[in-house]
Amino acid sequence: MREKRKIMFNEDNTHQFCEYYEAGVRPTPEIAKEYIAQYAGTQVTDYLINVNSMNSSFPSKYLMSYDQKYLQKEENGRPVDHTKSHMLSYYQMFVEDHYDMYAHWIELLRQIHIRPWLSFRMNDCHQATEPTGHMLCDFFHENPQFRRTAHHGPAGYFDNCFDYAHEQIRTRMLNYIDEALDRYDVDGVELDFMREMFCFSIGGEVDGLEIMTDFVKEVRKIMSKYDEKRGKKMPLLVRVAYSPELCHEMGFDVVRWAKEKLVDIIVASPRWCPTDNNIPVEFWKRILEPYDVEFAATTELILGTNNDKFWLNTHETALATCFQHLSAGADFAYLFNYMRSNVTNYDDPENYIMYSDLYKWDNYQHLLRNAGEYETAIKCVRRHVPTYHDMQDNAVRPFPDKCETLNQYKTVKIRTGDVPADAEVMLILGCDGIKNPEEPLPFENIVAYINSHRIHCIKTIEVQPAFTQKPGYCFLIDASVIRSVNVVEVTIPQDGTAVPFHIDYAEIRVIPKK
């Protein structure tokens, strides 16, 4: 019988150590125990421990490790000093104190009935445009011929990713995965291709389909060795791009992996910014229906609707994304980058942009105790915000835009999933006048429709956090006209009284009846 999952939670390999370093706190077993305890009694069922970027965050024979970076004095022919960074925390933990925090986490997670996993970043390129960096390794500097744009040199951020067409790159990662599974007894493995999914040379993606399929088969063989040794069957999860089509175009034959039972779980995902509130969950489920695989979609940490705003999700916007995925048929919720350090002061005004809502204790617990089950999430306040696909070439961002021309409509799609019939539902638009931004717009000046039904503005509010700094114009919606996927149209009056206006934000807010 398949194990029930509610929330899968991905912990990255640097966050804790950055927080320890910034707080001047030495990693200890006592702090680790307190950290893991915050997940007890929540809907987190599976905890994915990411153990590498380009480097390893445990001492390794196959990847350069962060304790080695701490000691490094010369890199890429330049003098360096990485001791004044979070490399200090790794060195203190693994070398000075002989304390393996990951092994301790695994033990602690099992005590609170959460399954521990290992997550591997398959092609991380943090700092890869810099000449030196604590997240770069000597192998990277010494082997430019293995990069995906070796034919002309890098022209952009992802051009320095490794090309998996080279056997040396594949073997290096296979050895590291084997080493990690030998060191850590876990309940599952994730291959995180979203750090990064640019794994083949430009034009090499078609050949990559077969190469990457063979690579996944080799990972399966390694896992089977430890399955037999430890008397259990570890599932294999792959985190990939938001659509089956894009996966295939980039050299990842994900549907074949499902068909041939190479993978057990597929998670569709944005890359990083923003969280993608338009992942085609229903389409994925239809394609994967013949195969015995689980499917979920990632809820990323950052909520972005245009080029100008960079905010974290709130607990209500994150819960909204999780719920719309579940409502569309996802098997569980998946949270990426939602780590909450237990050595950070989240009441510090300096952290307002980053921590004003989500990491307050009650809000964080509310998210983790409700986001993983349809039955609990549907009872919560949700804020559904349209975003965009961040891996799409020339991604079409919904905002900013303007309404100033007769018979032209600003159209935006907003997914909400199911909405209770007795819920209060509002559309909120961030708007101001083009000529006189300080002057309030007449309510009747913003003509709006949802799913072909006219709706009317009833008030203005201040949107918090400041996803928009414009007034939030609120339109009451009859819940009976809401669909799981909604189309909003906005324009100016057609009677000659129009005041042209900017629009840079939208949300559908669902407030269930208590």
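In this text the structure is predicted, and so the values were computed from the model without any measurement.

**Student:** What should I look at first to understand the pairing of strand β20 (residues 472–477) in this one?
**Tutor:** Of all six residues that make up β20, five are buried, and the element is covered over most of its length. Here strand β16 (residues 424–433) runs beside β20; their pairing, made up of six bridges, is antiparallel. Across the sheet, the residue bridging to G430 is G472, located in β20. Summarising the sheet, strand β19 (residues 457–461) and β20 pair through four bridges and their orientation is antiparallel. Within β20, the residue paired with K459 across the bridge is C474.

**Student:** Could you clarify how one ought to interpret the sheet that holds strand β15 (residues 410–415) in this entry?
**Tutor:** Strand pairing in a sheet relies on backbone hydrogen bonds, with the paired strands running either antiparallel or parallel. Strand order in the open sheet formed by four strands is β15-β21-β17-β18, and the pairing between neighbours is antiparallel. For this open sheet the edge positions go to β15 and β18 (453–455), each flanked by a neighbour on one side alone. Averaged over neighbouring strand pairs, the angle between their axes works out to 30° when direction is ignored. Alignment of β15 against strand β21 (residues 485–491), held across six bridges, turns out to be antiparallel. By the bridge assignment for β21, R415 is matched with V485.

**Student:** When you look at the pattern of salt bridges in this model, what are you seeing that I'm missing?
**Tutor:** Opposite charge on two side chains lets them pair, provided their charged atoms get close. For the structure on display, the rule yields 32 salt bridges. The salt bridge partner of R26 is D97, with a shortest N-O separation of 3.0 Å. One end of the pair, R26, is in the loop between α1 (15–23) and α2 (29–37); the other, D97, is in the loop between α4 (87–96) and α5 (101–111), with 71 residues separating them in the sequence. Taking relative accessible area as the criterion, R26 reaches 35% and is therefore assigned partly exposed. The shortest N-O distance in the salt bridge between K232 and D187 comes to 3.2 Å. Placement of K232 in the loop between α8 (205–230) and β7 (236–241) and of D187 in the loop between α7 (167–183) and β6 (189–192) is noted, with a sequence separation of 45 residues between them.

**Student:** What should I look at first to understand the packing of aromatic side chains in this one?
**Tutor:** The description of two aromatic rings rests on the distance between their centres and on the angle between their planes. One pass over the structure, following the stated rule, counts 34 aromatic pairs. Consider the rings of Y35 and Y39, whose centres lie 5.6 Å apart with planes at 75°: the pair is edge-to-face. The pair formed by Y35 and Y39 is uniform in burial state, with each residue classed as buried. The interplanar angle of 75° and the centroid separation of 6.2 Å between the aromatic rings of F252 and W257 together place this pair among those described as edge-to-face. What makes W257 buried here is its relative accessible area of 0%.

**Student:** Could you clarify how one ought to interpret the nonpolar core in this entry?
**Tutor:** Within the largest apolar cluster, 118 residues are counted, with the highest numbers of intra-cluster contacts made by F9 and F193. Sequence-distant contacts of F193, that is, excluding residues within four places in its chain, are made with M122, C199, M212, V238, R239, V240, F252 and W257. One finds I414, L429, A448 and F501 within the second-largest nonpolar core, a separate group that totals 30 residues.

**Student:** How should α4 be read in this particular structure?
**Tutor:** Since one α-helical turn is 3.6 residues long, residues separated by three or four positions face the same way. With seven of ten residues buried, α4 lies mostly within the body of the structure. Taken together, the buried positions of α4 are occupied by M87, S89, Y90, Y91, Q92, M93 and F94. As for α4, its buried residues are in contact with α1, α3 (66–71), α5 and α7. Positive phi appears at H98, one or two residues downstream of α4, with a value of about 50°.

**Student:** Please explain the environment of E373 as it appears in this structure.
**Tutor:** Inspection of the secondary structure assignment puts E373 in the loop between α14 (361–370) and α15 (374–377). Beyond its immediate stretch of four places on either side in the chain, E373 contacts K6, Q43 and L326.

**Student:** Can you walk me through α2 in this structure?
**Tutor:** Turning to α2, its buried residues number three or more, namely I31, A32, Y35 and I36. For α2, the arc enclosing every buried residue in end-on projection is 130°, short of the 170-degree limit, so these residues lie on one face. The exposed residues of α2 that point more than 90 degrees off its buried face are E30 and K33. Contact partners of the buried residues in α2: β1 (7–11), α1, β2 (44–50) and α5.

**Student:** What is the right way to look at the sheet that holds strand β9 (residues 294–299) in this model?
**Tutor:** Strands sit in the order β1-β2-β5-β6-β7-β8-β9-β12 around a closed barrel of eight strands; the barrel is parallel. With strand direction ignored, the average angle separating the axes of adjacent strands in the sheet is 25°. With five bridges joining them, β7 and strand β8 (residues 265–269) adopt parallel strand pairing. When the bridges of β8 are listed, V238 appears paired with I266.

**Student:** Would you explain unusual backbone geometry in this entry?
**Tutor:** Trans is the common state for peptide bonds, and a negative phi is the common state for residues other than glycine. Between R195 and the following residue, E196, the backbone shows a cis peptide bond with an omega angle of -5°. At N76, a position not held by glycine, the phi torsion is positive, near 55°. Positionally, N76 belongs in the loop between β3 (74–75) and β4 (78–79). When its relative accessible area of 36% is taken as the criterion, N76 is described as partly exposed. One non-glycine residue, N451, lies in positive phi territory at about 50°.

So, how was this worked out
Residues numbered from 1 in each chain as written. Predicted model: local features only at pLDDT ≥ 70, side-chain atom pairs only at ≥ 80, totals over all residues. Heavy atoms only, no water. Buried < 20%, exposed > 50% of the residue type's maximum accessible area, 1.4 Å probe, protein only. Helix = DSSP H or I, 4+ residues; strand = E, 2+ residues; numbered from the N terminus. Pairing = 2+ DSSP bridges. Axes fitted to C-alpha atoms, helices over the stretch in contact; angles between N-to-C directions. Salt bridge = Lys/Arg side-chain N within 4 Å of Asp/Glu carboxyl O. Phe/Tyr/Trp six-rings, centres within 6.5 Å; stacked < 30°, edge-to-face > 60°. Core = buried A, V, L, I, M, F, W, Y, C linked by side-chain atoms within 4.5 Å. Contact = heavy atoms within 4.5 Å. Arc of directions from axis to C-beta.

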